[in-house]
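Examining the three-dimensional arrangement
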Amino acid sequence: MIAAISMVRNEADVEADVIESFVRHTLRFADWLYITDHRSEDATREILSALVSEGLPILVTYYEQEGYAQSEIMTKQLYQAIDDGADIVLALDGDEFLLSYDGSDTKNILLSLSTEGIYDIPYYDSEIKDGAETNVFCFSGTILRNRMPESMPKAIVGGALRNNI
């Protein structure tokens, strides 16, 4: 099983309504999506609730404290996903969309990874080209990807490492 974990806040504001697109895109390759909402003040909670009501495999929790405890929350989600049977777990922000660089099937790539490994994958910042529709799934526009990866790669963790983390 592939699980994705994420901590989100205000991912559905007027300028960048991205949370529904993030969930639907991520569930194309992840079997479960664990999301912690940290005090969203926009429509993020309502959108997540509607997606859960659709029966999508999402577990949403809420973190109401003032402090920013992303490390602790993401670690807790990682352990929960592994305890629930995840073989592969990847952490994504609520506005990040995992794509293979060459167009290969993302799920097959993830399934080919060892459950005993920890992998760093390069993270490329992207944006939708000006003029793209803003009220439809966000990949309806042309995606512009930076040529150089960001300095911090994304991590993918094999579930067999539960006791080594």
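My aim in this report is to walk through the structure given alongside it, one point at a time.

What about the packing of aromatic side chains?
Each aromatic ring pair is characterised by the separation of its centres together with the angle its planes make. Applying the stated rule across the entire model yields two aromatic pairs. When the ring of phenylalanine 22 is compared with that of phenylalanine 97, the centres are 6.3 Å apart and the planes differ by 80°; the resulting orientation is edge-to-face. Of this pair, phenylalanine 22 sits in helix H1 (residues 19-26) while phenylalanine 97 sits in the loop between strand E4 (88-91) and helix H4 (106-111), and the two are 75 residues apart along the sequence. When the ring of tryptophan 32 is compared with that of tyrosine 34, the centres are 6.5 Å apart and the planes differ by 40°; the resulting orientation is tilted.

Things to note about the packing of H1 against helix H2 (residues 44-53)
Relative to each other, H1 and H2 sit at 35°, their axes nearing to 9 Å. Relative to H2, H1 is oriented so that their crossing is right-handed. Contacts between H1 and H2 involve Ile19, Glu20, Val23 and Arg24 on the former and, on the latter, Thr44, Ile47, Leu48 and Leu51. The residue makeup of the contact of H1 with H2, split by class, is five nonpolar, one polar and two charged.

Notes on the nonpolar core
Grouped together as the largest cluster of nonpolar side chains are 24 residues, with contacts concentrated most on Ile19, Val23, Leu90 and Leu110. Every element with two or more residues in this core is listed here: strand E1 (2-8), H1, strand E2 (32-38), H2, strand E3 (58-63) and E4. Aside from chain neighbours lying at most four places away, what touches valine 23 is Leu33, Ile35, Leu48, Leu51, Leu56 and Ile58. Ile5, Met74, Val89 and Val157 belong to the second-largest nonpolar core, a separate cluster that totals 14 residues.

The rules behind these values
Residues numbered from 1 in each chain as written. Predicted model: local features only at pLDDT ≥ 70, side-chain atom pairs only at ≥ 80, totals over all residues. Heavy atoms only, no water. Phe/Tyr/Trp six-rings, centres within 6.5 Å; stacked < 30°, edge-to-face > 60°. Helix = DSSP H or I, 4+ residues; strand = E, 2+ residues; numbered from the N terminus. Axes fitted to C-alpha atoms, helices over the stretch in contact; angles between N-to-C directions. Left-handed = near helix turned anticlockwise from the far one by under 90°. Contact = heavy atoms within 4.5 Å. Nonpolar A, V, L, I, M, F, W, Y, C, P; charged D, E, K, R; others polar. Core = buried A, V, L, I, M, F, W, Y, C linked by side-chain atoms within 4.5 Å. Buried < 20%, exposed > 50% of the residue type's maximum accessible area, 1.4 Å probe, protein only.

Keep in mind these numbers describe shape, not what the thing actually does.
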